[in-house]
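So you can see what is in the structure, the chains are spelled out below.
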Amino acid sequence: MFHKSVYTSRRAQLKKELGSGIALFLGNVDAAFNYGANTYSFRQDSNFLYYFGLDHAGFSGVVDVDNDTDYLFGNDVDMDDIIWMGPQPLVSELAAEVGISKTAPYGDLTSFVSKAVKSGQKVHFLPPYRGETIIELAALLNLPVQEVKAHASTDLIKAVVKQREIKDEHEIAEIEKAMFTAYMMHTTSMKMAQPGMVEQDIAGTIEGIAIALGGPVSFPVILSVDGQTLHNHNHHNILKEGRMMVTDAGAETAMHYASDITRTVPVGGKFNTRQAEIYQIVLDANMEVIKASKPGVLYRDMHFLASRVIIDGLKQVGLMKGDTDAALEAGAHTLFLPHGLGHMMGLDVHDMEGLGEDFVGYNESIKRSDQFGTAYLRMAKALKTGHVVTDEPGIYFIPALIDQFKAEGKFKDFVNYEKLETYKDFGGIRIEDDILITDHGCTVLGKPIPKTISEVEKTMAEPREWIKREGFI
Ligand code: GLY
């Protein structure tokens, strides 16, 4: 946990932004895995963590803007809890750790909220994403369950996004820890990408690394030689030379700050000519974005910069043709890059996505495109110092999409479908870094993870002893 002054000042800032009313932050409860007493690993709500810091199930917090007071609602443990969980701090002790002096048993939250409603205070809450939270909000606010989401407070969403999108030095230090875990996961994945291995061997090993270093993973590991499927969670393939293996994986720290990295490597450790050509285009796109990202630049423009690099590169290898700007305008690149360049990252791997993507990556002046592919862009608005975003261009050869666009005659002025037929067995390549926007540019977070063709080949050629030398075992 950070020092209590961090949480106190975050809540004070929220009060300034919100102006009036009360803000209700329901923490998460344990979620059953297959029966009540066998639960998933507990994951606290990120907004509760941001303002109240406590990583325990069964707490809720209130920021009373009108009366400049913060409250923590929760129950002290009883003897049964102590027998099964060991001694636990009192609620008042936990509250003191995050700068709160007013606590009450959890059951008092109902009367607290109804009193606030009766006295005319506006009750702000964020969009809930778990069934238990929706049911509780429905009961607290006397709303039909199906109407709860619609009553979420836009004012609170905007105030929270404004705060959480700018990462301070404490948060960056946490993200750096998550980056170190990602470094260990990805260098291990590279070294294990040898013919005969099963994807599951590697996916399981790197998930274990995340857990061993404080984890869990920040999202289910994506690892496949069928990298043309963007979020491939099937890990059954046996690795064979000639295929590229995508690993898109990251970890949370014990405080739940995330990393999210993608690397793509040739099985066996040596790029063939066709792989090297496509890889270099994706790498160039990733690097051009790093060179150009700075405060004031629209991330949507960075998406188009990467797309332009991809079009030019694919023209060089004979898979695209025609005028680059016209191809971009028509959206021809989306056959190869059907997703957005990146998203914000922080306490959530897609930071604050539960509050609504359009509140996080867009604003009044930057609206979401309805073009195929480009519509998936999660972060489009202007970059600011303190933003942490992913830079993750890719090139994918998706047989079903190629067949469909070809049959429709789509982009025939820009795509060489005849040559493309010979790439249907290629798979996909994605390269992803997490970047911090600084006053005059950006920095790539974390210990550099091999990325150039020669770095990847060198890493894959080193013996497993290398992992020992790096301090992992
Ligand atoms: N790295 C997985 C994702 O961004 O969806």
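To be clear, the structure that these remarks concern was listed above.
Residues numbered from 1 in each chain as written. Predicted model: local features only at pLDDT ≥ 70, side-chain atom pairs only at ≥ 80, totals over all residues. Heavy atoms only, no water.

Considering the pairing of strand S11 (residues 388–391)
Every second residue of S11 is oriented toward a common face, with Val388 and Thr390 on one face and Val389 and Asp391 on the other, all of them buried. Summarising the sheet, S11 and strand S14 (residues 433–437) pair through four bridges and their orientation is antiparallel. Each bridged residue has a counterpart across the sheet, and for Asp391 the counterpart in S14 is Asp433. (Buried < 20%, exposed > 50% of the residue type's maximum accessible area, 1.4 Å probe, protein only. Helix = DSSP H or I, 4+ residues; strand = E, 2+ residues; numbered from the N terminus. Pairing = 2+ DSSP bridges.)

Observations concerning the sheet that holds strand S7 (residues 123–125)
On the basis of which strands lie adjacent, the open sheet formed by five strands has the order S6-S5-S4-S1-S7 and mixed pairing. Each of the sheet's edge strands pairs with one partner strand only, and the pair in question is strand S6 (102–104) and S7. Adjacent strand axes in the sheet meet at a mean angle of 25° when their direction is disregarded. Together, strand S1 (22–26), strand S4 (60–64), strand S5 (69–73) and S7 form the strand contacts of helix H1 (residues 4–18), whose direction differs from that of S4 by roughly 55°. (Axes fitted to C-alpha atoms, helices over the stretch in contact; angles between N-to-C directions. Contact = heavy atoms within 4.5 Å.)

Details of the sheet that holds strand S8 (residues 222–224)
Strands sit in the order S8-S9-S10 across an open sheet of three strands; the sheet is antiparallel. Each of the sheet's edge strands pairs with one partner strand only, and the pair in question is S8 and strand S10 (261–266). Here the average twist between neighbouring strands, direction ignored, is 10°. Here S8 pairs with strand S9 (residues 244–249) via three bridges, running antiparallel. Within S9, the position partnered with Ser224 by the bridge is Val246.

A short note on the side chain of Thr264
Checked against the element boundaries, Thr264 lands in strand S10. A polar contact is formed between the side chain of Thr264 and the backbone oxygen of Arg430, at a distance of 2.7 Å. Filtering out sequence-adjacent residues up to four positions away, Thr264 remains in contact with Met244, Met245, Val246, Phe271, Tyr279, Gly428, Ile429 and Arg430. (Polar contact = N/O pair within 3.5 Å; in protein donor to acceptor, adjacent residues only side chain to side chain.)

Some words on empty space enclosed by the protein
Summed over the entire model, instances satisfying the criterion amount to one cavity of 30 Å³ or more. Each pocket or cavity is described by its volume, and for the largest cavity that value is around 60 Å³. Considering the residues around the largest cavity, the lining is formed by His343, Met344, His350, Asp351, Glu353, Glu357, Val360, Arg378 and Met379. Taken together, the residues that form the lining of the largest cavity break down as three nonpolar, two polar and four charged. (1 Å grid on protein atoms, 1.4 Å probe; cavity = no way out; pocket = protein on both sides within 12 Å on 5 of 7 lines; lining within 4 Å. Points joined across faces, edges and corners; volume = space filled by probe spheres on them. Nonpolar A, V, L, I, M, F, W, Y, C, P; charged D, E, K, R; others polar.)

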